[in-house]
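# A closer look at the structure
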Amino acid sequence: MVELGPGTGAFTDVIQRRLGGRGHHLAVELNPVFAGRLADRYPGLDVVVSDAAHLGELLGERGLGQADVIVSGLPWAAFSARRQGSVLDAVREAMAPAAAFTTFAYVHALWAPPARRLRFALRDAFEEVVVGRTVWRNVPPALVYHARRPRALAAA
C-alpha cells in the first residue's frame, strides 16, 4: 500500500485502520514537517521524505516490488503537464498488474486546464478510469478517480 502526499494524514488514518497491521504502508511526503508528524502519530507507518516521482526507487530500496494499491492526495491541479506526467509514469511503473490507483479532484476546479489535463492523462495512462461519486461533505467538494490496468509506458 502506497500513499502519495499524505500531508496531515486525513487518508492515512483511514488506511491504517483498514490495514489493521496487515501489509506494508509506505507514505511518500515531500514536506519534512508533515512527514515527521505522521511518523510520530503512526509508529508502524513507513514514512519517507521524498518526491512521488521516485516511487519505483523507494519501493526497490525497501525490497517491496510493485504496489497493490496506490492512493494519492497530491495536488494535481498545481502541477505542470510535465510534473503530472512524471508522477503518473512513476505510479504506473510501480503498480502491480491488478493494482488500483485512487486520487481525487476538487469539483470547483474541474474546468481548469490542469484538472482537465489530469483527466485526459488518467485516461491515457490506464485502461479503466471510473469517476466516483462527488463527496459533498468534503470542503471543498471533491470527486474520486479510480484507475486500474496501467498501460505500458512508451519506449523512450
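The paragraphs below set out a description of the structure included in this document. (Residues numbered from 1 in each chain as written. Predicted model: local features only at pLDDT ≥ 70, side-chain atom pairs only at ≥ 80, totals over all residues. Heavy atoms only, no water.)

## Notes on the layout of surface pockets
Here the largest pocket is characterised by a volume of approximately 1200 Å³. Along the wall of the largest pocket there are 39 residues; nearest its centre are Phe11, Val71, Ser72, Phe104 and Val144. With 6 residues, the single largest contributor to the lining of the largest pocket is helix α1 (residues 10–19). Across the lining of the largest pocket, the residue classes tally to 25 nonpolar, 10 polar and 4 charged. (1 Å grid on protein atoms, 1.4 Å probe; cavity = no way out; pocket = protein on both sides within 12 Å on 5 of 7 lines; lining within 4 Å. Points joined across faces, edges and corners; volume = space filled by probe spheres on them. Helix = DSSP H or I, 4+ residues; strand = E, 2+ residues; numbered from the N terminus. Nonpolar A, V, L, I, M, F, W, Y, C, P; charged D, E, K, R; others polar.)

## Quick look at the side chain of aspartate 51
One can find aspartate 51 in the loop between β3 (46–49) and α3 (55–61). Side-chain polar atoms of aspartate 51 contact the side chain of arginine 83, separated by 3.0 Å. Discounting residues that sit within four places of it in the chain, aspartate 51 has contacts with Val28, Leu30, Leu58 and Arg83. (Polar contact = N/O pair within 3.5 Å; in protein donor to acceptor, adjacent residues only side chain to side chain. Contact = heavy atoms within 4.5 Å.)

## Let's talk about the sheet that holds strand β1 (residues 2–4)
Across the sheet, 7 strands lie side by side as β3-β2-β1-β4-β5-β7-β6; this open sheet has mixed pairing. At either margin of the open sheet sits one strand with a lone partner, and together these are β3 and β6 (126–135). Taken pair by pair, the neighbouring strands of this sheet meet at an average axis angle of 15°, ignoring direction. Sheet topology places strand β2 (residues 26–29) next to β3; 4 bridges connect them, and they run parallel. Bridging across to β3, valine 28 finds its partner in valine 48. Sheet contacts for helix α4 (residues 81–94): β1, β4 (67–72), β5 (95–106), β6 and β7 (142–150); angle to β5, the most-contacted strand, approximately 145°. (Pairing = 2+ DSSP bridges. Axes fitted to C-alpha atoms, helices over the stretch in contact; angles between N-to-C directions.)

## Digging into the pairing of β4
The pairing of β1 with β4 spans 3 bridges and is parallel. What sits directly across from leucine 4, in β4, is serine 72. Bridge count for β4 against β5 is 4 bridges, and the pairing is parallel. Following the sheet pairing, valine 71 is matched in β5 by threonine 102. Handedness of the crossover is the feature at issue here: the chain leaves β4, passes through α4, returns alongside β5, and the resulting connection is right-handed. (Right-handed = clockwise from strand over helix to strand, strands pointing away.)

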